[in-house]
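# Survey of secondary and tertiary structure
Single-letter residue listing:
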Amino acid sequence: MSTNSQLAEKLKVSVHWVRKMCHFFNLLDVDRDGFISHGDYVETVMERARTVMMKPTHADNFEKKLNQVWDKYWKPGGVLVNEEVKITFDGFCDMHAPVICSEEIQGHYKATFDAYFDGIDQNENNEISLGELAKFFVTYAIPAYQAKRTFDEMDTNQDGLINRKEWLQAFLDYFISQEPKSTCDRFWGAMINCD
């Protein structure tokens, strides 16, 4: 595995961006084996989502979208470990780096996070409340108390709700921004130390 600086240099991104990807990778690596498996990315998340926040129809749609993302984008970049495809951290960064400069890839990301939005929006009012975001955080094993600060950063029009446009912008900002302290560095909660 490369150091953050080496990986940043290789991918022509900032070290800060690599640190954000490290944080996101660690959230998804549920079993802490240094890889993201289908079980980490889909099965564990869906188990939590069904328990914590999603209506059955939303959960089915969300699971379908996660499986599509896994099959189309993640699985091809994986490595075979004990006859199972898994994603390494370097592979994870290789996979996400192109979103920075490709509007086509950003469009694919938007479609995925549209599905997230629909899954989180439990009352189907086309807005996400603080409580709904807190449940989403729990689905990804992020402490619910961290949702407030992230919510406030996402709610750019300060109306007390996150609309679809704010959600998608925050998501893209997380994956595109390379500067420390960008508006949505906390999209996936407070960043853990990934140095």
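Our structure is the block above this text.
### As for the overall build of the chain
What the chain contains, in helices and strands, is nine helices and five strands. When the helices and strands of the chain are read in sequence order from the N terminus, they spell out α-α-β-α-α-β-β-α-α-β-α-α-β-α. Over its C-alpha atoms the chain spans a radius of gyration of 16 Å, differing by no more than 12% from the 16 Å that the globule rule assigns to 195 residues. Each principal axis of the C-alpha atoms in the chain carries an extent, and together these give about 45 × 35 × 30 Å. The buried share of the chain, reckoned over its 195 residues, is 48%. Considering only intrachain contacts with a sequence separation of at least 6, the fraction spanning at least 24 residues in the chain is 64%. About 9,400 Å² of surface is accessible on the chain, with carbon and sulfur atoms providing 51% of the total. One finds the centroid of the 21 positive side-chain charges in the chain at a distance of 1 Å from the centroid of its 31 negative side-chain charges.

### Let's talk about the pattern of salt bridges
Under the counting rule described, the total for this entry stands at ten salt bridges. With its nearest N and O atoms 3.1 Å apart, the salt bridge here joins Asp60 to Arg50. With Asp60 in helix 4 (residues 56-74) and Arg50 in helix 3 (residues 38-52), this pair connects stretches of sequence that are ten residues apart. Classification of Asp60 by relative accessible area gives partly exposed; the value is 45%. Across the salt bridge formed by Asp118 and Arg164, the nearest N and O atoms sit 2.7 Å from each other.

### Observations concerning helix 5 (residues 89-96)
Counting buried residues along helix 5, seven of its eight residues qualify, which places the element largely inside the surrounding structure. Buried within helix 5 are the following residues: Phe89, Asp90, Gly91, Phe92, Cys93, Met95 and His96.

### Here's the deal with the side chain of His23
The residue His23 is located in helix 2 (residues 15-28) in this model. Discounting chain neighbours no more than four positions away, the residues touching His23 are Tyr174, Trp188, Gly189, Ala190, Met191, Ile192 and Cys194.

### Description of the sheet that holds strand 2 (residues 79-81)
Pairing in this open sheet of three strands is antiparallel, and the strands run 1-3-2 from one edge to the other. Because the sheet does not close on itself, it has two edges, and the strands there are strand 1 (36-37) and strand 2. Where strand 2 meets strand 3 (residues 84-87), three bridges bridge the pair, whose relative direction is antiparallel. If you follow Leu80 over to strand 3, its bridge partner there is Val85.

### Thoughts on the nonpolar core
Of all hydrophobic cores here, the largest spans 61 residues; its most connected members are Phe92, Trp167 and Trp188. No other element matches helix 2, which puts eight residues into this core. Not counting chain neighbours up to four residues away, the residues in contact with Trp188 comprise His23, Phe24, Leu27, Phe113, Tyr116, Phe136, Tyr140, Ile142, Tyr174 and Phe175.

Procedures and definitions
- Residues numbered from 1 in each chain as written.
- Predicted model: local features only at pLDDT ≥ 70, side-chain atom pairs only at ≥ 80, totals over all residues.
- Heavy atoms only, no water.
- Helix = DSSP H or I, 4+ residues; strand = E, 2+ residues; numbered from the N terminus.
- Rg over C-alpha atoms; globule rule 2.2 N^0.38 Å.
- Buried < 20%, exposed > 50% of the residue type's maximum accessible area, 1.4 Å probe, protein only.
- Contact = heavy atoms within 4.5 Å.
- Areas by Shrake-Rupley, 256 points an atom, 1.4 Å probe, with all protein chains shown as cover.
- Lys, Arg positive; Asp, Glu negative; His and termini not counted.
- Charge placed at Lys NZ, Arg CZ, Asp CG, Glu CD.
- Salt bridge = Lys/Arg side-chain N within 4 Å of Asp/Glu carboxyl O.
- Pairing = 2+ DSSP bridges.
- Core = buried A, V, L, I, M, F, W, Y, C linked by side-chain atoms within 4.5 Å.

Nothing here speaks to function; it is geometry throughout.
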